[in-house]
Amino acid sequence: MTTPGLALDFTQASRARVYNYLLGGKSWTEVDRETAQAVIRTSPDAPAVARENFKFAGRAAAWAVAEFGIRQVLDIGVGIVDDVPLDSVEICVHNVDPDAMVLAFDHDEVVLAHARALRPGYGGVLQGDVRDLDMIFDNPGLRHPDLADRIDLSRPAVVVLAAVLHFVDDPAAVMAGLRERLAPGSVVIVSHATSSHTGEERVDGMTAAYERGSSSIIFREEEAIASLADGWDLLPPGMTDVQLWSPDGTYQEEVYETVRVVGMAAMLPQAPGSEEVSHAALAS
Ligand SMILES: C[S@@+](CC[C@H](N)C(=O)[O-])C[C@H]1O[C@@H](n2cnc3c(N)ncnc32)[C@H](O)[C@@H]1O
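The structure contained in this document is the topic of the report that follows. The model shown is predicted, which means the values in this text are computed figures rather than measured ones. (Residues numbered from 1 in each chain as written. Predicted model: local features only at pLDDT ≥ 70, side-chain atom pairs only at ≥ 80, totals over all residues. Heavy atoms only, no water.)

## Comments concerning the site of the ligand
Then, number 1: For the ligand, the set of nearby residues contains 19 residues, the closest of which are Tyr-19, Asn-53, Gly-77, Asp-106 and Ala-162.
Then, number 2: Separating an oxygen atom of the ligand from a side-chain N or O atom of Asp-106 is a distance of 2.7 Å.
Then, number 3: Interatomic distance of 3.5 Å between a side-chain N/O atom of Arg-131 and a nitrogen atom of the ligand.
Then, number 4: Protein coverage of the free-state accessible area of the ligand, which is 600 Å², stands at 97%.
Then, number 5: Broken down by secondary-structure element, the contributors of at least two residues to the shell around the ligand are helix H1 (15-22) and helix H3 (46-68).
Then, number 6: By residue class, the composition of the shell around the ligand is 10 nonpolar, 5 polar and 4 charged. (Near = heavy atom within 4 Å. Polar contact = N/O pair within 3.5 Å; in protein donor to acceptor, adjacent residues only side chain to side chain. Areas by Shrake-Rupley, 256 points an atom, 1.4 Å probe, with all protein chains shown as cover. Helix = DSSP H or I, 4+ residues; strand = E, 2+ residues; numbered from the N terminus. Nonpolar A, V, L, I, M, F, W, Y, C, P; charged D, E, K, R; others polar.)

## What to know about the nonpolar core
Then, number 1: Ranked by internal contacts, the top residues of the largest apolar core, which has 62 residues, are Phe-68, Val-73, Val-93, Val-158, Val-160, Val-187 and Ile-189.
Then, number 2: At 13 residues, the largest contribution of residues to this core is made by H3.
Then, number 3: In terms of nonpolar packing, the next biggest core, distinct from the first, is built from 32 residues, Leu-74, Ile-76, Ala-157 and Val-262 among them. (Core = buried A, V, L, I, M, F, W, Y, C linked by side-chain atoms within 4.5 Å. Buried < 20%, exposed > 50% of the residue type's maximum accessible area, 1.4 Å probe, protein only.)

## Let's talk about the pairing of strand S1 (residues 72-76)
Then, number 1: Along S1, 5 of the 5 residues are buried, which leaves the element largely enclosed by surrounding structure.
Then, number 2: The side-chain alternation of S1 yields two buried faces, one formed by Gln-72, Leu-74 and Ile-76 and the other by Val-73 and Asp-75.
Then, number 3: Handedness of the β-α-β unit built from S1, helix H4 (residues 89-96) and strand S2 (residues 101-106) comes out right-handed.
Then, number 4: Relative to strand S4 (residues 158-162), S1 runs parallel, the two sharing 3 bridges. When the bridges of S4 are listed, Asp-75 appears paired with Val-160. (Right-handed = clockwise from strand over helix to strand, strands pointing away. Pairing = 2+ DSSP bridges.)

## Description of the environment of Asp-132
Then, number 1: Here Asp-132 lies in the loop between strand S3 (125-127) and helix H6 (133-137).
Then, number 2: It is 8.4 Å that separates the C-alpha atoms of Asp-132 and Val-174, two residues lying 42 residues apart in sequence.

## What to know about the packing of aromatic side chains
Then, number 1: What the rule picks out here adds up to 5 aromatic pairs.
Then, number 2: A centroid spacing of 4.8 Å and a plane angle of 80° characterise the contact between Tyr-21 and Trp-28, whose relative ring orientation is edge-to-face.
Then, number 3: Here Tyr-21 falls in the buried class, since its relative accessible area comes to 18%.
Then, number 4: In this structure Trp-28 comes out as partly exposed when scored by relative accessible area, which is 31%.
Then, number 5: Ring plane angle 50° and centroid distance 6.2 Å describe the contact between Phe-167 and Tyr-210, whose orientation is recorded as tilted. Here Tyr-210 lies in helix H8 (residues 200-212) and Phe-167 lies in the loop between S4 and helix H7 (171-181), a separation of 43 residues in the sequence.
Then, number 6: For Tyr-210, a relative accessible area of 8% puts it in the buried group.
Then, number 7: Clustering of aromatic rings is evident, with ring pairs tying together Phe-56, Trp-63, Phe-68 and Trp-245.
Then, number 8: A cation over an aromatic ring shows up here: Arg-59 above the ring of Tyr-251, its NZ or CZ 3.6 Å from the ring centre. (Phe/Tyr/Trp six-rings, centres within 6.5 Å; stacked < 30°, edge-to-face > 60°. Lys NZ or Arg CZ within 6 Å of the ring centre and 35° of its normal.)

## Quick notes on the packing of helix H2 (residues 30-42) against H8
Then, number 1: Running from amino to carboxyl end, H2 crosses H8 at an angle of 175°, the nearest separation of the two axes being 9 Å. Between H2 and H8, the crossing angle belongs to the class labelled roughly antiparallel. Two secondary-structure elements touch here, H2 through Thr-35, Ala-38, Val-39 and Thr-42 and H8 through Glu-201, Arg-202, Gly-205, Met-206, Ala-209, Tyr-210 and Arg-212.
Then, number 2: Across the contact of H2 with H8, the residue classes tally to 5 nonpolar, 3 polar and 3 charged. (Axes fitted to C-alpha atoms, helices over the stretch in contact; angles between N-to-C directions. Parallel < 35°, antiparallel > 145°, perpendicular 65-115°, else oblique. Contact = heavy atoms within 4.5 Å.)

As structure tokens, this is what we get:
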């Protein structure tokens, strides 16, 4: 099955453009602004939490690359990043390993159009729907001759799923699909909007704002989000609010209460009885 991408449509809000508005980017239209403003009216911390989520994704991916010597990163549901005044996953990863391969995917044609327009010739953003992992892992872009020596899915990869699984009905199926396709020692970075300790009226208000913009979002309880790491080894510091996430506990920003996004990093363990992965060897 191949899932068609989201076509360019400027009459309805796009999750990528609404998020871009929240982040202070310039790639949105009036309907996106209205949706984002409705979210902010319900949850005034939404722009700050969006920025912290963006920073979490870059911080966690760069940490995984540096800590485990992993040299290939797949950022699925990348969003529009080039006009955002913050360092993207790609920039953060290249700060710690300039040669690491970073490939991004999104199902929204607007994200690809932006990447093509702002960085002509850049092949690092590909069409891909996280609900259709075959579309991503069988993408000829992964096997482009120029990349052949750098994308090798028999070796560990970092997969970033930042603020994308709350747009998906069955996130556990995505995690199971990744377990089947990734090499042991791979690291997944997940962030997800939660309804826990936020207030029902705020969650309802934000959900309604997205729905009015003809989009949707699913806030889940922390317990349901934590269970996405079943079958993976949760890495320190476990699941926390994104603005508190750092393996050594040194990144401690303000806790926001009107909207919460939690994040975690988890490693795919060896199948029982198989040889242990040597991360030192990965860096070679
Ligand atoms: C809130 S933005 C997050 C962007 C970025 N990952 C971050 O955390 O900064 C969500 C992105 O996921 C994309 N997205 C939503 N559903 C998706 C799906 N089923 N497959 C791939 N991308 C998806 C949207 O188009 C949007 O660009």
